[in-house]
Amino acid sequence: MVLDDSLVSLSAVRLRRMIGARQLSPVELLEACIARIEAVNPYINAVTATAFEQARLQARAAEQAVMAGEPLGLLHGLPLGVKDLEPTAGLLTTYGSQLYRDHVPTEDVELVARLRRAGAIVTAKTNVPEMGAGANSRNTVWGATGNPFNPNLNAGGSSGGSAAALAADLLPVCTGSDTGGSLRIPAAKCGVVGLRPSPGVVPSVRKLLGWTPISVVGPMGRTVADACLQLAASAGPDAGDPLSYPLDPLGFLTPDNVDLGSLRVAYSEDFGVCDVDPEIRQTFRARIAAMKHLFAACDPVEIDFGQAHRCFDVLRAEAFVAGMRDAYEKDPASLGPNTRANYEMGAAMSLQDCAWAQAEQTRLIRRFQRVYDDYDLILSPTTPVSPFPWTQLYAVTVDGKRQENYYRWLALTYVITLTTHPALTLPCGRDTHGMPFGLQIVGRFRGDRQLLAAAQAMEEAFAGMEELRRPVPDLRALLAAEPPLTSIVETPAGAPAASASAARVSAV
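Residues numbered from 1 in each chain as written. Predicted model: local features only at pLDDT ≥ 70, side-chain atom pairs only at ≥ 80, totals over all residues. Heavy atoms only, no water.

(A) Here's a closer look at the overall build of the protein. Counting secondary structure elements, the protein contains 14 helices and 17 strands. With the C-alpha coordinates aligned to their principal axes, the bounding extent of the protein is approximately 55 × 55 × 45 Å. Scored against the burial criterion, the 508 residues of the protein give a buried share of 62%. For the protein, contacts bridging at least 24 residues in sequence account for 77% of all contacts bridging at least 6. If you sum the accessible surface of the protein, you get close to 18,400 Å²; carbon and sulfur atoms cover 51% of it. (Helix = DSSP H or I, 4+ residues; strand = E, 2+ residues; numbered from the N terminus. Buried < 20%, exposed > 50% of the residue type's maximum accessible area, 1.4 Å probe, protein only. Contact = heavy atoms within 4.5 Å. Areas by Shrake-Rupley, 256 points an atom, 1.4 Å probe, with all protein chains shown as cover.)

In structure tokens, the structure reads:
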């Protein structure tokens, strides 16, 4: 494979500066990204539907705006990958479901509309699990996304296509969303940054339960600064999300400088309630030992998470009942196993269950604040296992313990979801299998800016330490996954097979 890394490996922040300084044409950048997608995507299947011709028209217009000295948006001229859960005007949006394999929206969702207004050029959609259910980005429309470090292994989910596209330098900007860890988990598995903002920072208008704080949209990037750039372009209130509120989006653009030596840091391997493989515990302990000298304090902590698992079960299932009822009642077989399991779990619950879960979450949030009486941040592993084969739907066992459902292995991230605190995954070297290891950093309540500032300082410190710096995949050594990533995964009865060549379409 012949690859030209001269442009596509540069950060989104640097590319935007070059465009603004007339050192780089948006047309040149787009063509470099298209060439990269065509060369690498067949190996990892991160990109699904494409809009190359429309993107070329927009890139030429972006170039003309630069040359004319017009005001430029934060993302002016940057090719954008949009997670296939976010509707895009004129571009196929399937949600990874056979029910929507021909669905072309007429309008952008608010997130995409904001990024377009900031100058981003929608170039492609990125792969997801069906309806975003699960942390393995595979579905019967597009197939599976392979990890850029080893395409036979999974890239996480549900923002797996975005994370893999960023790690493989296919696109400089990609979107994500997070309920139980869908930004943080794929970022950890692919070696990029994923931020779960506080609820309401970026409006999430497609959630049917507008007042739930467990589902958010947020940025991914190869660096913390890249994530901040996208966040600044997308944050701010919108009536479509009643949890959103007035704030200064540009305040996210350049985090304050932080002296790591002034920070008091707590850490936990498992939060007392999560199963974690011994090898991940070993890697996490080694990382803590390597970084603890950077902080004023770095201490283990115990946290009372109460009945977090049951609480998350109810709140997650509640959202699936709201979104999937019509499809399930029409034809249960039209839904994949993860989506159907969530719906059926929720349909069997009572109002009493829902009331209890809301109250338990409130109790959990109040208890969680006590840690921040003494500490500024909490650190943990992001995932409890190293990436496993994409052919395996989920981690059936963790630390030798059978997981009771398909998402229980995501507990390290979903217990933090319940707290509503902002959380970021930072690349932190490799695990014992040579795969990326992600460090979950949890900030104070509504402390998004402070979290980003601390994460950027840690990223800068880690860059000088071989054991802690962000790993980069060797794309020249990529081999085709076996079986092929575009193989049928779980085709419902009567549904046609989907392959990369047959299913990938351009905008209409």
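Next, the rest of the story.
(B) Fine view of the UniProt feature "domain: Amidase" (unreviewed entry) in the protein. Following the UniProt record, the feature "domain: Amidase" (unreviewed entry) maps to residues 28-452 here. With 35% helix and 17% strand, residues 28-452 has end C-alpha atoms that lie 31 Å from one another. (UniProt positions renumbered as here; feature names shortened; annotations may be inferred.)

(C) Representation of the packing of aromatic side chains. Tallied over the full model, the rule gives 11 aromatic pairs. Three or more aromatic residues joined by ring pairs form one cluster here, namely Phe 271, Phe 305, Phe 368 and Tyr 372. Between the NZ or CZ atom of Arg 310 and the centre of the ring of Trp 356, over which it lies, the distance is 3.9 Å. Across the ring face of Tyr 407, the terminal group of Arg 316 is positioned such that the distance to the ring centre comes to 4.7 Å. (Phe/Tyr/Trp six-rings, centres within 6.5 Å; stacked < 30°, edge-to-face > 60°. Lys NZ or Arg CZ within 6 Å of the ring centre and 35° of its normal.)

(D) Layout of unusual backbone geometry. Residue Ser 158 is bonded to the preceding Gly 157 through a cis peptide linkage, with omega at 10 degrees. With respect to the element layout, Ser 158 can be found in the loop between strand 7 (150-154) and helix 5 (160-167). In this structure, the amide linkage connecting Glu 482 to the following residue, Pro 483, adopts the cis form with an omega of 0 degrees. Located in the positive-phi region is Asp 399, a residue other than glycine, with phi close to 55 degrees. Looking at the element boundaries, Asp 399 is found in the loop between strand 14 (397-398) and strand 15 (401-402).

(E) Representation of the sheet that holds strand 16 (residues 423-430). Strand order in this open sheet of 11 strands is 1-3-2-8-10-9-16-17-13-11-12, and the pairing throughout is mixed. This sheet does not close on itself; its edge strands, each paired only once, are strand 1 (47-50) and strand 12 (297-300). Averaged over neighbouring strand pairs, the angle between their axes works out to 30 degrees when direction is ignored. Pairing geometry for strand 8 (residues 173-178) and strand 10 (residues 216-221), over 5 bridges, is antiparallel. What sits directly across from Gly 176, in strand 10, is Gly 218. Each of strand 9 (193-196), strand 13 (377-381), strand 16 and strand 17 (436-442) touches helix 13 (residues 448-462); the most contacted strand, strand 16, lies at about 10 degrees to it. (Pairing = 2+ DSSP bridges. Axes fitted to C-alpha atoms, helices over the stretch in contact; angles between N-to-C directions.)

(F) Region of the structure containing helix 5. Of all 8 residues making up helix 5, 8 are buried, and the element is well covered by its neighbours. Just downstream of helix 5 lies Asp 169, where phi reads positive at about 60 degrees.

(G) Here's a closer look at helix 11 (residues 351-368). Taking 1.5 Å of rise per residue, the 18 residues of helix 11 would be expected to cover 26 Å, and the 26 Å separating its terminal C-alpha atoms lies within 8% of that figure. Every buried residue belonging to helix 11 is among Cys 354, Trp 356, Ala 357, Glu 360, Gln 361, Leu 364, Ile 365, Arg 367 and Phe 368, and all of these are buried. Against helix 9 (308-330), strand 13, helix 12 (411-419) and strand 17 lie the buried residues of helix 11. (Expected span 1.5 Å × (residues − 1).)

(H) Quick peek at the state of the cysteines. Applying the stated criterion across every chain, the model contains 0 disulfides. The cysteine Cys 298 is free of any disulfide, with Cys 428 supplying the nearest cysteine sulfur at 11 Å. Looking at Cys 298, the relative accessible area reads 6%, which means it is buried. (Disulfide = S-S within 2.5 Å.)

(I) A look at the pattern of salt bridges. Under the defined criterion, the tally for this structure stands at 29 salt bridges. Overlapping salt bridges, with partners in common, bring together Asp 5, Arg 36, Asp 169, Arg 222 and Arg 476 in one network. (Salt bridge = Lys/Arg side-chain N within 4 Å of Asp/Glu carboxyl O.)

(J) Layout of the packing of helix 2 (residues 26-44) against helix 3 (residues 52-67). In the contact formed by helix 2 and helix 3, the axes pass within 8 Å of each other and the chain directions differ by 155 degrees. On the basis of their axis angle, the class for helix 2 and helix 3 is roughly antiparallel. On helix 3, the residues that touch Pro 26, Val 27, Leu 30, Glu 31, Ile 34, Ile 37 and Glu 38 of helix 2 are Phe 52, Ala 55, Arg 56, Ala 59, Arg 60, Ala 62 and Glu 63. Split into classes, the residues belonging to the contact of helix 2 with helix 3 amount to 9 nonpolar, no polar and 5 charged. (Parallel < 35°, antiparallel > 145°, perpendicular 65-115°, else oblique. Nonpolar A, V, L, I, M, F, W, Y, C, P; charged D, E, K, R; others polar.)

(K) Layout of the nonpolar core. By size, the foremost hydrophobic cluster in this structure holds 153 residues, and its most contacted members are Leu 170, Met 291, Ile 441 and Met 458. Not counting residues up to four positions away in its chain, the partners in contact with Leu 170 are Cys 33, Arg 36, Ile 37, Val 40, Asn 41, Ile 44, Ala 46, Val 47 and Ala 165. (Core = buried A, V, L, I, M, F, W, Y, C linked by side-chain atoms within 4.5 Å.)

(L) Quick peek at the environment of Ala 480. Tracing the sequence through the fold places Ala 480 in the loop between helix 13 and helix 14 (500-503). The class of Ala 480 is exposed, set by a relative accessible area of 58%.

(M) Molecular detail of the pairing of strand 13. Most of strand 13 is tucked away: 5 of the 5 residues are buried. In the sheet, strand 13 pairs with strand 17 via 4 bridges, with the strands oriented antiparallel. Its bridge partner being in strand 17, Ile 378 is matched across the sheet by Val 442.

(N) View of the side chain of Thr 419. Locating Thr 419 in the fold gives a position in helix 12. Only 2.6 Å separates the side chain of Thr 419 from the backbone oxygen of Ile 416, close enough to count as a polar contact. Those residues in contact with Thr 419 that sit more than four places away from it in its chain are Phe 305, Leu 364, Ile 365 and Phe 368. (Polar contact = N/O pair within 3.5 Å; in protein donor to acceptor, adjacent residues only side chain to side chain.)

(O) Spotlight on the confidence of the model for the protein. The predicted model of the protein has a mean per-residue pLDDT of 94, with 96% of residues at 70 or higher. A low-confidence stretch, residues 489-508 (pLDDT under 50), is modelled with 50 contacts involving residues beyond four sequence positions or located in other chains. (pLDDT = per-residue confidence, 0-100.)

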